[in-house]
Amino acid sequence: MLKWIIAHIPSWYLFLQAAAVGLVPYGVSRIGAKLNAMAMFSQPNGKPRPPEEEAGDPLTGNFDDDLAVFEQWIENYADVGIRNFELGVDSGIKAAVIYAEGLSDRTVIDRQVLQALMNADFEASPDVPLAERVLRRLPVLKTMECGNVRQAMGQVLIGWAALIVDGVQGAFMLGVFKGVPRQMDEPESEGLIRGARVGFNENLHDNTAILRRFGENQSLFILKMKVGRRAKRNVAIAYIEDVADPAIVEEVKKRLSRIDLDSVPESGYIEQMIEDSSLSPFPQIQSTERPDRVFGALMEGRVAVLLAGTPFALIVPATLSMFLQSPEDYFERWLPGTMFRLLRFFALMVSLLAPSLYISFISFHPGLIPTKLTMSIIGSRVNVPFTALVEALILEVSIELLREAGLRLPKPIGPAMGIVGGLVIGEAAVQAGIVSPILVIVIAVTAISSFAIPHYNIGLSFRMLRFVSMFCAGVFGLFGVIMFFLALCIHLVNLRSFGVPYAGPLVSYQFEDWKDFLVRAPLAAMKRRPQMLKPKQPIRKG
Amino acid sequence: MNLWRRVASLVLGLTAGLMLAGCWSSKEIDQLSVLIGVALDRNESKNAASEGRLEVTIQTLTTGASSLNSQGQGQTTSKPYINMIATGNSVYEAIREMSLRTDKPPIGHHLKAIVVSADLAKHNSLENLLDFFMRDNDIRPGSLVFVSSGQANRVFELKRSEEIPSFHMAGITENRYRTSKILPPTTLGKIKGEIKGGSSMLLPNIIVRDGKLKLSGAGVIRGKTKKLVGLLSEEEVLGVVWATGSGKGGVMSAVDPATKRPLVYEVNSMHSTIRSFVSGDRVSFNVSIRSIGRMMENWSKPEESSNQQFLDDQTKLFERKILDLVEQTIEKVQRQYKTDVLGFGDRLRIEHPRAWERLKANWDERFAEADIRTDVKIRIEDYGLVVE
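(A) Focus on the overall build of chain B. Scanning chain B for helices and strands turns up 12 helices and 13 strands. In terms of overall dimensions, chain B is more spread out than a globule: its C-alpha atoms have a radius of gyration of 27 Å, far above the 21 Å expected for 388 residues. For chain B, buried positions account for 48% of its 388 residues. Here chain B contributes 53 positive and 47 negative side-chain charges, whose respective centroids are spaced 4 Å apart.

What follows is the structure, encoded as structure tokens:
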């Protein structure tokens, strides 16, 4: 019996293999966790930034002193001006307006400030304090009072005008900003056939206003915060109060308050500072220029973050399937909506896997190609000196170059460049025997598929991953592609965006949510909001 | 940073390891030759250079096969395939022998046809001849197996050079809905089962006539010896197809005894049920054949095409014709070849398992003595478009 057992004990290398099978993934996951911890230095573990102490020269109320302080301050601000005048007609009360050229609206200062104050009668009710009298005579909507020069100058430099009056402590800050109006054109990167021709612009108030215009709704809350240490900017958090999960709203506030950057030039900075995993190749926050997309997301119970100075709004939490949806899916009837949505999922797979499948079929698994196709592939590859991987890399890299170059080119040259690059070089490369015509077809189909993905940044992720999968295919063939795909799936199901699984309703398996996942169910059937977002108010309709 | 350095060196090591390993089993498709057909013959040449009992002919696609060459011009080479012959005592040995002559190793994934010459199959067990093809994991179980009554590698040379014989052979077997003289496809996978199970079978016989391929009859393989015992003619294959009801279409013609002119019946469906009966050691079978079809040609009495009486008479005529055909065929395999290729044994095994256990040891002899009755019923449900 013992002999029989001993005879069946496998040899030592089998044990070694078994150990490797266990230890390698463990090691890889440990390394991943460490790298992640390093990349996330400022994030979840970071402490909220302490409030900055606002110290500075207090405004005393003595006009000459205060003016001197201001003059000293503006020595280094060539774009700030001071206008001295007297209140009323011959009242002898000295005053001055400090304003920034270009940021403050000159006509407003002329008419609503200078003209109003110069023509007003300040003798009328002497028992009312002067500050009160000045305010009463100022036909300006936004006013505020400010006690020290440092703070006042900060406001002046973003477009407020400061008014100092002899004998009044502090300064009046007047909201006389000059807007830089831009048309709210339809965004170029997210065009639709059917849908409102409106996009966000660079003005935060315009952007929040568009959201308001979607309909009267008292529960659309818009909160304001400031981000940036040296260059502060307004950021707005928008959500529907009785729909959005309060935990998500709190999380957004918390993460925004932790941002500790010098400046925030674009919402991409915010995106990168508040996302869950910096190492993931996938965008975990959706950015969009389309108000209808933002409003749709709000209605599902998501939260939007809008930054002043950029037309790109952020939507959290994001799921992978969101990036493959287009507002048109809902605007058109449900059958075409469903069809095109399925088509996009297909396009995603093609853009990720087509070149790597080509490589693995050509260099590892000739048996998987239909016999007739084998004949033509062999015929077309006779003169190609490279292996399939090198061949595919040559063409794929040149396509990516073309795309990148096309972005930089002035608009009139763009199409010409496409023709020269795509047609001429492609044709010539085939003629010269550098690549095979079949590969040209594969790469072209890949490129077209990646254009079918409605979101630019998810397209970028898959363009990157395509190269990884091509290398896997070049080294291990189909086995490598499958391993790559499995690794990708493992990563995807592991990823979360603000507490919501990134792989959408697929992985936490809320079958209820599938009606708006691969297919787009008729509107009549979509009675509930997505359950994965844990909305406060799950019923949408009926 | 210490941790950074450690992690970096680990990642570097892993990637270097991957890169060093390279592309293990990578072999570009244009560096391979695609094997599409194999013919097995007896080696009859007496010179010393070609030793061995077998003469193996392999057919591979040539690289110039496609009109889609890199120049984009449609210059087609004269032949899209090449045949190579090697000899050896075993199939694999002979195929590996080819490596001395070509820079591109053949791959078996696309093998379409295996042709065994009747001469070879008479003296060698199919189990041995096809062993390599059944074991090799590249070769698909969908490859078709044929016998050839002539020399097997002659079917790989056709008059029209742009036609690829192996594809052609595979294509002919797909015409079963046009004629009933074709047996159900004998794929490697199916044959494997029959060989291992020891049952007899029929393999289609492919020959060359006037430089063209023709599927003509079938070879009878006895299950016990796995050797060829003889050939069936085209008419007899037709009988087999009717007896087993395995046809998908085809025609049956008969001559009207009154006018001595032909009539043609087109098969829409055919069906056959074999029942077995056992009494002691005597076994008997009942074959009942049912078919529905239409009258497609009437040379005899065109004016009566839609006359029910006439059609009923013709039905009898066709039934008689089919009955004769089937009985002749059964007679031949029973008396001459003593080989059960029609699946009677299978029915017995299913219906009378105990009797089968008793009889299976020398089933071929029992089968030869079995009493087989046949009845045929057809229905002409349609006579096409006729003008009265």
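(B) Local environment of the sheet that holds strand E13 (residues 371-382) of chain B. All names here are of chain B. Strands sit in the order E10-E11-E12-E13 across an open sheet of 4 strands; the sheet is mixed. Since the sheet does not close on itself, it has two edges, and those belong to strand E10 (251-256) and E13, each with one partner. Averaged over all pairs of adjacent strands, the angle between their axes in this sheet comes to 35°, without regard to strand direction. Sheet analysis places strand E12 (residues 282-298) next to E13, joined by 11 bridges and oriented parallel. The residue bridging Ile-289 from the neighbouring strand is Val-376, located in E13. This element, helix H9 (residues 308-337), spans E10, strand E11 (261-279), E12 and E13 of the sheet and lies at about 150° to E13. This element, helix H10 (residues 344-351), spans E11, E12 and E13 of the sheet and lies at about 45° to E11.

(C) Inspection of the packing of helix H12 (residues 334-363) of chain A against helix H16 (residues 437-451) of chain A at higher detail. Residue and element names in this part refer to chain A. At their nearest, the axes of H12 and H16 sit 7 Å apart, and the two run at 160° to each other. The pairing of H12 with H16 is recorded here as roughly antiparallel in orientation. The chirality of how H12 crosses H16 is left-handed. Every residue of H16 that contacts H12 at Ala-347, Val-350, Ser-351, Ala-354, Pro-355 and Tyr-358 is listed here: Ile-438, Leu-439, Val-442, Ile-443, Val-445, Thr-446, Ser-449 and Ser-450. Classifying every residue of the contact of H12 with H16 by side-chain character gives 10 nonpolar, 4 polar and no charged.

(D) Layout of the interface of chain B and chain A. Chain B puts 34 residues into the contact, and the matching count from chain A is 33 residues. In total, about 2,900 Å² of surface goes out of reach between chain B and chain A, with carbon and sulfur atoms giving 71% of it. Run the count over chain B and chain A and you get 2 salt bridges. One salt bridge connects A:Arg381 with B:Asp30, and the closest N-O pair in it is separated by 3.0 Å. Counting across the interface, chain B meets chain A through 11 residue pairs in polar contact (both at pLDDT 80 or more). Looking at the side of chain B that touches chain A, the elements that each hand over two or more residues are helix H1 (2-21) and strand E1 (33-42) of chain B. Top contributing element to the side of chain B that touches chain A by residue count: H1(B), with 6 residues.

(E) Quick peek at the nonpolar core. In this structure, A:Phe282, A:Leu298 and A:Leu306 are the most contacted members of the largest nonpolar core, which totals 71 residues. Among the elements that take part in this core, H12(A) stands out by supplying 9 residues, more than any other. Excluding residues that lie within four positions of it along the chain, A:Phe282 makes contacts with A:Ile458, A:Ser461, A:Phe462, A:Leu465, A:Leu488, A:His491, A:Leu492, A:Leu495 and A:Tyr502. Membership of the second largest hydrophobic core comes to 48 residues, among which are B:Val237, B:Ala254, B:Val267 and B:Ile289.

(F) Representation of the packing of helix H17 (residues 456-476) of chain A against helix H18 (residues 478-494) of chain A within the structure. All names here are of chain A. It is the contact of H17 with H18, at a shortest axis distance of 6 Å, that shows an interaxial angle of 140°. Judged by the twist between their axes, the crossing of H17 over H18 is right-handed. Contact residues: Leu-465, Val-468, Ser-469, Cys-472, Ala-473 and Phe-476 in H17; Leu-478, Phe-479, Gly-480, Val-481, Phe-484 and Leu-488 in H18. Of the residues assigned to the contact of H17 with H18, the class counts are 10 nonpolar, 2 polar and no charged.

(G) Representation of the pattern of salt bridges within the structure. Under the counting rule described, the total for this entry stands at 46 salt bridges over all chains. Residue A:Arg290 is joined to A:Glu186 by a salt bridge in which the shortest nitrogen-to-oxygen separation is 3.4 Å. Here the residue A:Arg290 occupies a position in the loop between strand E8 (286-288) and helix H10 (291-300), and A:Glu186 occupies one in the loop between strand E5 (171-175) and helix H7 (204-212), the gap between them amounting to 104 residues. The partner of B:Glu351 in a salt bridge is B:Arg275, and the shortest N-O contact between them spans 3.7 Å. In this pair, B:Glu351 sits in helix H10 while B:Arg275 sits in strand E11, placing the two residues 76 residues apart along the sequence.

(H) Focus on the environment of A:Phe462. All names here are of chain A. Looking at where Phe-462 falls in the secondary structure, it is placed in helix H17. Judged by relative accessible area, which is 4%, Phe-462 ranks as buried. Once the C-alpha coordinates of Phe-462 and Leu-506 are considered, the two residues, 44 residues apart in sequence, prove to be 19 Å apart. Aside from chain neighbours lying at most four places away, what touches Phe-462 is Phe-282, Leu-348, Ser-351 and Leu-352.

(I) Quick look at the pairing of E5(A). Residue and element names in this part refer to chain A. The buried fraction of E5 amounts to 5 of the 5 residues, a majority that puts the element mostly inside the structure. Neither face of E5 is left uncovered, since the one carrying Ala-171, Met-173 and Gly-175 and the one carrying Phe-172 and Leu-174 both have all their residues buried. Both strand E3 (residues 143-146) and E5 contribute to a ladder of 4 bridges, which runs antiparallel. If you follow Thr-143 over to E5, its bridge partner there is Leu-174. Linkage of strand E4 (residues 160-165) to E5, two consecutive antiparallel strands, is achieved through a turn of 5 residues, within which Gly-167 is found at a positive phi near 90°.

(J) Structural view of the environment of A:Lys232. Residues and elements named next belong to chain A. Looking at the element boundaries, Lys-232 is found in the loop between strand E6 (220-227) and strand E7 (233-240). When the C-alpha atoms of Lys-232 and Ala-405 are compared, they prove to be 34 Å apart, with 173 residues separating the residues in sequence. At 3.5 Å, the side chain of Lys-232 forms a polar contact with the backbone oxygen of Arg-229.

(K) A look at the domain arrangement of chain A. The assigned domain composition of chain A is domain 1 (63-175), domain 2 (188-318) and domain 3 (332-501). Each of domain 1 of chain A and domain 2 of chain A was reduced to a C-alpha centroid, and the two centroids are 35 Å apart.

(L) Representation of the packing of aromatic side chains. Residues and elements named next belong to chain A. Per the counting criterion, the structure on display carries 21 aromatic pairs over all chains. When the ring of Phe-323 is compared with that of Tyr-502, the centres are 6.4 Å apart and the planes differ by 55°; the resulting orientation is tilted. With Phe-323 in the loop between strand E10 (313-316) and helix H11 (327-331) and Tyr-502 in the segment after strand E12 (500-501), the pair connects residues that are 179 residues apart, well separated along the chain. Here Phe-323 and Tyr-502 have matching classes, each one buried. Ring-pair connections join several aromatic residues into one group, and the members of that group are Phe-345, Tyr-509, Phe-511, Trp-514 and Phe-517. For the cation-ring pair, Arg-255 lies above Phe-498, with the distance from its terminal atom to the ring centre recorded as 4.1 Å.

How each quantity is defined
- Residues numbered from 1 in each chain as written.
- Chains lettered and ligands numbered in written order.
- Predicted model: local features only at pLDDT ≥ 70, side-chain atom pairs only at ≥ 80, totals over all residues.
- Heavy atoms only, no water.
- Helix = DSSP H or I, 4+ residues; strand = E, 2+ residues; numbered from the N terminus.
- Rg over C-alpha atoms; globule rule 2.2 N^0.38 Å.
- Buried < 20%, exposed > 50% of the residue type's maximum accessible area, 1.4 Å probe, protein only.
- Lys, Arg positive; Asp, Glu negative; His and termini not counted.
- Charge placed at Lys NZ, Arg CZ, Asp CG, Glu CD.
- Pairing = 2+ DSSP bridges.
- Axes fitted to C-alpha atoms, helices over the stretch in contact; angles between N-to-C directions.
- Contact = heavy atoms within 4.5 Å.
- Parallel < 35°, antiparallel > 145°, perpendicular 65-115°, else oblique.
- Left-handed = near helix turned anticlockwise from the far one by under 90°.
- Nonpolar A, V, L, I, M, F, W, Y, C, P; charged D, E, K, R; others polar.
- Buried area = accessible area lost by both parts, 1.4 Å probe.
- Salt bridge = Lys/Arg side-chain N within 4 Å of Asp/Glu carboxyl O.
- Polar contact = N/O pair within 3.5 Å; in protein donor to acceptor, adjacent residues only side chain to side chain.
- Core = buried A, V, L, I, M, F, W, Y, C linked by side-chain atoms within 4.5 Å.
- Domains from an automatic or database assignment.
- Phe/Tyr/Trp six-rings, centres within 6.5 Å; stacked < 30°, edge-to-face > 60°.
- Lys NZ or Arg CZ within 6 Å of the ring centre and 35° of its normal.

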